[in-house]
Amino acid sequence: MSKILIKRARLIDPSQNLDKLGDVLIEKGRIKAIGDDLFELEAYVIEAKGIVACPSFVDLHVHFRDPGQEYKEDLESGMRCAVAGGYTTVVCMPNTNPPIDSPEVAQYIIRKAEDIGICRVLPTGAITKGRKGKELVDFYSLKKAGCVAFTDDGSPLMDSKLMQRALELTAQVGSLVMNHCEDDRLAYGHINEGYVSSLIGLSSRHVSAEDVLIARDCILAYYTGGHVHLQHISSRLAVDIIRFFKDKGARVTCEVNPYHLLFTEEEVLNSYANAKVNPPLRREEDRKALLEALRDGTIDCVATDHAPHAVWEKGSLQGAMPGMIGLQTALPMMLQLVRDGIISLSHMVGLMSCKPARILGLEDCGSLKEGYKANLVLFDTEREWTLSEETNFSKSKNTPLWNKPLKGKVVYTIFEGRIVYKDV
Ligand code: DOR
C-alpha cells in the first residue's frame, strides 16, 4: 500500500493556516499533494467525510518504563498506546532503570523502537548522573546518541548552580533543559495542600513548591540565554511568572497535562489513588488560570505525562505511586475544551502537533506541507467510546477516566505513509 488517498476530510494544519475540506494524497511515505478533488487509481482510499485530518500528535512527555519496569509498560505497549491516541512522535523520560544517562541506554531505546517501527520514540537524557542531582551528564555524547533534551523528570533538579551550568552547556550543544518543577523540600506529601487534604487529613504538597522552582528556572534561563522547558505546569502563579519572563525575552517554553486542565483536587474524592499525580491536581482557580494561559498562548503545548503504574502500586493514597496514563485519552479530553469554547479546534491541533514539534526543532512532523513525511491522524470528534479492557493498549490502567464515557476518537494514525492504527 504505497499510496493512500484521503477524500473529503476537514484538513487542519496550523503550520500553514489551513482549515478547509479537501483531499490528501500520500505516496512513498510523503505527502504528495493536498487539493480539492484529487484522483489516483492505485491508491488505498479513505473516505473521510465528517472526519478531521491533521498532523499526527507529538508528545514531549511520556514514561515507557523500558528498560527496567516493563511490568508497567514497555516500548511496544507504550508505542501502541501512542498510535491509538494519534501520536507518531513521543519523547520518553529518563526515569527508567537504568536511567537514560549514558549513550548505551539511549541507543537501546532508539534501536528497539525502530525495530517495532510503528512510531518514533525520542529519548531525553538525564541532566545528572543517575538522576541523583549531583553531577552533570556528558550532554554532548548523549545528544550525539540521539537524546533530544535533558531532564531528571520524576525528580526536580534542585541544585541551582547545576541548573545554571546545565542551561549553559545544553545551549552550547544546541539542546535544552526540561524541568519537573517542584521543590522537594516543600513538596513531600501526597496531594495538593487545600480543602481536600484538610478534609481527609493527608499530608500535602503546597503549590508554592512549584512556583519557587518555576521562578528560579525562568531567572536562570533569562541570565544564561539557555532554553528551559517547564514540564507539566499546574499553578496560577506559575503561569504569571512564565508570562512575565516570556515578555522579557527569556527562552522559556512550557507544557500542560490535560488532567490539570480538566480536573481539580476534588477528583481525589472520586478516584482516590488514580487521581494522585505530581505535580498534584490543584484548585479551581489554578485550573482557570491554566485555561486562560492556554487561550492566550502562554502555554506552548499539551503533553500527556503518560505515567503507567500497576494496580498494586495504586492502592492507598499514602502508598500509591504518582501518575496517570494519558496517551489514549488526551484527544477526547482536549476536545472537551473545544466543545466548551475554551479553544478552537485548530488551536487544539497546534498545541498537540505543530507547537511541540517546533519546541524541539523536529523536522518532518507537525505539518501537512507537501513533501513532508506523511505523519497524520484522522479523528471523529463525535464518536463516543470508553477506555476499558477492550480498548486499552497500555499494560496499566491508572486513570480517573477508566470506563468513563469519552467523546472523540482516533480512526486512523498514519506514520511515514503507513497506517499504524485503524478503528473504523
Ligand atoms: O506523577 C508523576 N509520575 N509525575 C512525574 O513527574 C513522574 C511520573 C512517573 O514517572 O510516574
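Our structure's up above, just so we're on the same page.
**Q** What is the right way to read the overall build of the protein from this model?
**A** On a plain count of helices and strands, the protein comes out with 13 helices and 17 strands. Expressed as lengths along the three principal axes of its C-alpha atoms, the size of the protein is roughly 65 × 45 × 45 Å. Taken over 424 residues, the protein has a buried fraction of 63%. Long-range contacts, defined here as pairs at least 24 residues apart, represent 74% of the contacts in the protein between residues at least 6 apart. For the protein, the accessible area works out to roughly 16,200 Å², and carbon and sulfur atoms hold 49% of it. Between the centroid of the 51 positive side chains of the protein and the centroid of its 57 negative side chains there is a distance of 2 Å.

**Q** How should the pattern of salt bridges be read in this particular structure?
**A** As enumerated under the stated definition, the model contains 32 salt bridges in all. Each of Arg-236, Arg-283, Glu-285 and Asp-286 takes part in a single network of salt bridges with overlapping partners.

**Q** I'm lost on the pairing of strand S7 (residues 87-92) in this one. Help?
**A** For a regular strand, side-chain orientation follows a simple rule: the groups alternate between the two sheet faces. For S7, the buried fraction is high: six of the six residues fall into the buried class. Alignment of strand S6 (residues 57-62) against S7, held across four bridges, turns out to be parallel. Of the residues in S7, the one forming a bridge with Asp-59 is Val-90. With respect to chirality, the unit in which S6 leads through helix H1 (residues 75-84) into the neighbouring parallel S7 is right-handed. Pairing analysis gives four bridges linking S7 to strand S8 (residues 120-123), with the strands arranged parallel. The partner of Val-91 across the bridge, within S8, is Leu-122.

**Q** I would appreciate a short explanation of the site of the ligand in the present structure.
**A** As a matter of local geometry, the ligand sits amid 14 residues, with Arg-65, Asn-95, His-180, Asn-278 and His-309 nearest to it. Here an oxygen atom of the ligand and a side-chain polar atom of His-180 are 2.9 Å apart. Within the contact set of the ligand, an oxygen atom lies 2.9 Å away from a side-chain nitrogen or oxygen of His-309. Contact with the protein chains covers 95% of the free accessible surface of the ligand, which is 290 Å².

**Q** Looking at this model, I keep getting lost on a nonpolar patch on the surface. Mind explaining?
**A** The grouping of Tyr-195, Leu-199, Ile-200 and Leu-269 at the surface amounts to a nonpolar patch, some 360 Å² of accessible area in total. When residues in the nonpolar patch are grouped by element, the largest group, three residues, is from helix H5 (residues 195-200). Here Tyr-195 shows up in helix H5.

**Q** Sorry if this is basic, but what is going on with the nonpolar core here?
**A** Nonpolar side chains tend to gather and get buried jointly when the protein is soluble and globular. Ranked by internal contacts, the top residues of the largest apolar core, which has 82 residues, are Leu-230, Met-348 and Phe-379. A total of six residues in this core trace back to one element, the largest contributor, which is H1. Beyond its immediate chain neighbours, meaning those up to four positions away, Leu-230 contacts Asn-179, Cys-181, Ile-214, Asp-217, Cys-218, Ile-242, Val-252, Thr-253, Cys-254 and Glu-255.

**Q** Even after reading the chapter, I still don't get the sheet that holds strand S14 (residues 301-302), so can you show me in this structure?
**A** Hydrogen bonds along the backbone pair up the strands of a sheet, which may run parallel or antiparallel. Strand order in the open sheet formed by four strands is S9-S12-S13-S14, with parallel pairing between adjacent strands. A single partner strand is all that each edge strand has here, and the edge strands are strand S9 (177-179) and S14. One ladder, built from three bridges, connects S9 with strand S12 (residues 228-230); its direction is parallel. Residue pairing across strands places Asn-179 opposite Leu-230, the latter belonging to S12.

**Q** Can you help me understand the sheet that holds S7 in this one?
**A** Spatially, three strands are ordered S6-S7-S8 in an open sheet, and the strand pairing comes out parallel. Sheet topology places S6 and S8 at the edges, where each strand pairs with a single neighbour. If you compare each strand with its neighbour and ignore which way they point, the axes differ by 20° on average.

**Q** How do you make sense of the state of the cysteines when you look at a structure like this?
**A** Linking two cysteines covalently through their sulfur atoms gives a disulfide. Inspection of every chain in the model, using the stated rule, returns zero disulfides. With no disulfide partner, Cys-254 has as its closest neighbouring cysteine sulfur the one in Cys-301, 7.5 Å distant.

**Q** Explanation requested: helix H10 (residues 284-296) in the structure shown.
**A** Since the α-helix advances by 3.6 residues per turn, residues separated by three or four positions end up pointing in the same direction. For H10, with 13 residues, the first-to-last C-alpha span of 18 Å sits near the 18 Å given by 1.5 Å per residue. Every buried residue of H10 is listed here: Asp-286, Arg-287, Ala-289, Leu-290, Leu-291, Ala-293 and Leu-294. Looking at the buried side of H10, the elements it contacts are helix H7 (236-247), strand S13 (252-256), helix H8 (258-262), helix H11 (330-339) and helix H12 (345-352). Downstream of H10 by one or two residues, Gly-297 has phi in the positive range, about 90°.

**Q** Got a minute to help me understand the side chain of Asp-59 in this structure?
**A** Positionally, Asp-59 belongs in strand S6. Buried charge without a partner: Asp-59 forms no salt bridge, and the closest opposite charge is Arg-65, 13 Å away.

**Q** What is the right way to look at H1 in this model?
**A** For H1, a buried count of eight out of ten residues is recorded, marking the element as mostly surrounded by other parts of the structure. Residues of H1 that are buried include every one of Leu-75, Ser-77, Gly-78, Met-79, Cys-81, Ala-82, Val-83 and Ala-84, and no others. Residues of H1 that are buried sit in contact with S7, helix H2 (103-116), S8, strand S16 (405-415) and strand S17 (418-422). Its side-chain oxygen 3.2 Å from the backbone nitrogen of Glu-76, Asp-74 forms the N-cap of H1. Two residues or fewer past H1, Gly-86 is found with a positive phi of approximately 95°.

**Q** What is the right way to read unusual backbone geometry from this model?
**A** Negative phi values dominate among residues other than glycine, just as trans dominates among peptide bonds. Note the cis peptide between Asp-66 and Pro-67, where omega equals 15°. Here the residue pair Asn-278 and Pro-279 is connected by a cis peptide bond, since its omega of -10° sits within 30 degrees of zero. Along the chain, Pro-279 falls in the loop between helix H9 (268-271) and H10. If you check the backbone angles, Lys-28 has positive phi at about 50° while not being a glycine. Structurally, Lys-28 can be placed in the loop between strand S2 (18-27) and strand S3 (30-35). Since its relative accessible area comes to 72%, Lys-28 is described here as exposed. Of note, Asp-305 is a non-glycine position whose phi angle comes to about 50°, a positive value.

Cut-offs used in this document
- Residues numbered from 1 in each chain as written.
- Predicted model: local features only at pLDDT ≥ 70, side-chain atom pairs only at ≥ 80, totals over all residues.
- Heavy atoms only, no water.
- Helix = DSSP H or I, 4+ residues; strand = E, 2+ residues; numbered from the N terminus.
- Buried < 20%, exposed > 50% of the residue type's maximum accessible area, 1.4 Å probe, protein only.
- Contact = heavy atoms within 4.5 Å.
- Areas by Shrake-Rupley, 256 points an atom, 1.4 Å probe, with all protein chains shown as cover.
- Lys, Arg positive; Asp, Glu negative; His and termini not counted.
- Charge placed at Lys NZ, Arg CZ, Asp CG, Glu CD.
- Salt bridge = Lys/Arg side-chain N within 4 Å of Asp/Glu carboxyl O.
- Pairing = 2+ DSSP bridges.
- Right-handed = clockwise from strand over helix to strand, strands pointing away.
- Near = heavy atom within 4 Å.
- Polar contact = N/O pair within 3.5 Å; in protein donor to acceptor, adjacent residues only side chain to side chain.
- Patch = residues over 30% accessible without salt bridge, like charges linked within 9 Å, V, L, I, M, F, W, Y side chains within 5 Å.
- Core = buried A, V, L, I, M, F, W, Y, C linked by side-chain atoms within 4.5 Å.
- Axes fitted to C-alpha atoms, helices over the stretch in contact; angles between N-to-C directions.
- Disulfide = S-S within 2.5 Å.
- Expected span 1.5 Å × (residues − 1).

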